[in-house]
Amino acid sequence: MLNTPQDRPPTHPQGGELRKITALAVAGTLAVVASMAFAAQTNTYTVEGNVTPVKVGTKAKPTPVELFFGYTVAEVDGKRPALIDQYEIFFENGQTNAGLFPKCTAASIDAAQSDSHCPKGSLMGTGIVQNKAGSSTDETSQAVTCNLTLRLHNGGVEGKRQFFTLYLHGAPDPDPAKNCPLALDKAIKAEFVKKRNGTALVFKVDDTLLNPAPGFDNAVVNVESTVNKVTKKVKGKTRGFFESAGKCGTDKTSEINVTFRQRNDGKKSTVKSTTKCA
């Protein structure tokens, strides 16, 4: 008597067939992983900066200066850049005197959602921060442009540590160059860290700036900022908030470097620029 299909016992892959199925499954998984790797964002960066006056001061006689610095962040295939959650901006021959000037802390600005209460003399500079935002699940999306104003306040001294307050403000505006669809007021507490031959400004970016709305990633694409030449007489000597003091290299330049850290994988990239020092 012939068995009908319903009567036949279920069959299972034999050893060789099972190995083939397993191999195909592994290959499929590897293909998915590979496609995900190829889909990752690859950032590119530029950095620029200069100081005025150009000639570097000495340790005995530092020179108060105006400092300009900026950077851009792009993606090699034109996608939205990967998010940057930490910056270290190094100024060769740079030094700061936060203890000589009025301060306005990041905490006080966050509490007030404004810097209108900051004391006269605490504002050290200004700038702009341009951002592109889009769906967190679509790296090609750059649907939203958010332009923020940047106000730089002296953050004061805690022990021997010197701080800088970065205040970001954004709001809807009919001028596209000033428009940010989201109302935003956020301060960042940055620290000036002394290095062997200069000073680095180090800060982390809050998640509320990187993800200002659920399901959205906000990537910085351009920053331009100026720290003004702010001075004060101290025991008959003119001291600046930001000063140059050190040695000018044989090529007559000093370095301005930015180290960017990506949030998704912790990758760090350092990009160097130079400015005249003689």
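Summarised in this report is the structure supplied together with it. (Residues numbered from 1 in each chain as written. Predicted model: local features only at pLDDT ≥ 70, side-chain atom pairs only at ≥ 80, totals over all residues. Heavy atoms only, no water.)

### A few points about the nonpolar core
Within the largest apolar cluster, 43 residues are counted, with the highest numbers of intra-cluster contacts made by Tyr71, Phe164, Phe203, Phe241 and Phe260. In this structure, Ala106, Ile109, Cys118 and Ala187 belong to the second largest nonpolar core, which totals six residues. (Core = buried A, V, L, I, M, F, W, Y, C linked by side-chain atoms within 4.5 Å. Buried < 20%, exposed > 50% of the residue type's maximum accessible area, 1.4 Å probe, protein only.)

### Observations concerning the state of the cysteines
Counted by the stated rule, this structure contains three disulfides. At a sulfur-sulfur separation of 1.9 Å, the disulfide partner of Cys104 is Cys118. Disulfide Cys104 to Cys118: torsion about the S-S bond roughly -55°, handedness left-handed. Placement of Cys104 in the loop between β5 (94-96) and α2 (106-112) and of Cys118 in the loop between α2 and β6 (123-135) is noted, with a sequence separation of 14 residues between them. Considered together, Cys104 and Cys118 belong to a single accessibility category, that of buried residues. Between the sulfur atoms of Cys146 and its disulfide mate Cys180 the distance is 2.0 Å. Between Cys146 and Cys180, the S-S dihedral sits near -90°, and the bridge is therefore left-handed. Of the two residues, Cys146 sits in strand β7 (residues 144-158) while Cys180 sits in the loop between β8 (161-170) and β9 (184-195), which places them 34 residues apart along the sequence. Each disulfide in the protein links cysteines that, numbered along the sequence, combine into the pattern 1-2, 3-4, 5-6. (Disulfide = S-S within 2.5 Å. Helix = DSSP H or I, 4+ residues; strand = E, 2+ residues; numbered from the N terminus.)

### Things to note about the packing of aromatic side chains
Any aromatic ring pair is given by two values, namely how distant the centres are and how the planes are angled relative to each other. For the structure shown, the criterion picks out eleven aromatic pairs. Each ring, one from Phe91 and one from Phe242, has its centre 5.5 Å from the other, and the planes form 85°; the classification is edge-to-face. Linking Phe91 in strand β4 (residues 84-92) with Phe242 in strand β14 (residues 242-244), this pair joins segments that are 151 residues apart in sequence. Each member of the pair, Phe91 together with Phe242, is buried. Each residue in the set Tyr45, Tyr71, Tyr87, Phe203 and Phe260 is aromatic and connected to the rest through ring pairs, giving one cluster. Geometry around Phe163 places Lys189 over its ring, the cationic atom sitting 4.5 Å from the centre. (Phe/Tyr/Trp six-rings, centres within 6.5 Å; stacked < 30°, edge-to-face > 60°. Lys NZ or Arg CZ within 6 Å of the ring centre and 35° of its normal.)

### Looking at the pattern of salt bridges
All chains considered together, the criterion is met by ten salt bridges. The salt bridge involving Glu158 is made with Lys189; its shortest N-O contact spans 2.9 Å. Of this pair, Glu158 sits in strand β7 while Lys189 sits in strand β9, placing them 31 residues apart in sequence. The partly exposed category is assigned to Lys189, whose relative accessible area is 47%. (Salt bridge = Lys/Arg side-chain N within 4 Å of Asp/Glu carboxyl O.)

### Things to note about the sheet that holds β5
One open sheet holds the three strands; their spatial order is β2-β14-β5, and the pairing between them is antiparallel. At either end of the open sheet lies a strand with only one pairing partner, and these are β2 (63-64) and β5. Bridge count for β2 against β14 is two bridges, and the pairing is antiparallel. Among the inter-strand pairings, Pro64 is bridged to a residue of β14, identified as Glu243. (Pairing = 2+ DSSP bridges.)

### A look at the pairing of strand β13 (residues 237-240)
The pairing of strand β12 (residues 231-234) with β13 spans four bridges and is classified as antiparallel. Pairing of Thr231 across the sheet is with Gly240, part of β13. Between the end of β12 and the start of β13, which pair antiparallel, lie two residues, with Lys235 showing a positive phi angle near 55°.

### Quick notes on the side chain of Asn93
Mapped onto the fold, Asn93 is located in the loop between β4 and β5. Among the polar contacts made by the side chain of Asn93, one reaches the main-chain carbonyl oxygen of Lys247 at a distance of 3.1 Å. Here the side chain of Asn93 touches Ser254 through a polar contact of 2.9 Å, side chain to side chain. (Polar contact = N/O pair within 3.5 Å; in protein donor to acceptor, adjacent residues only side chain to side chain.)

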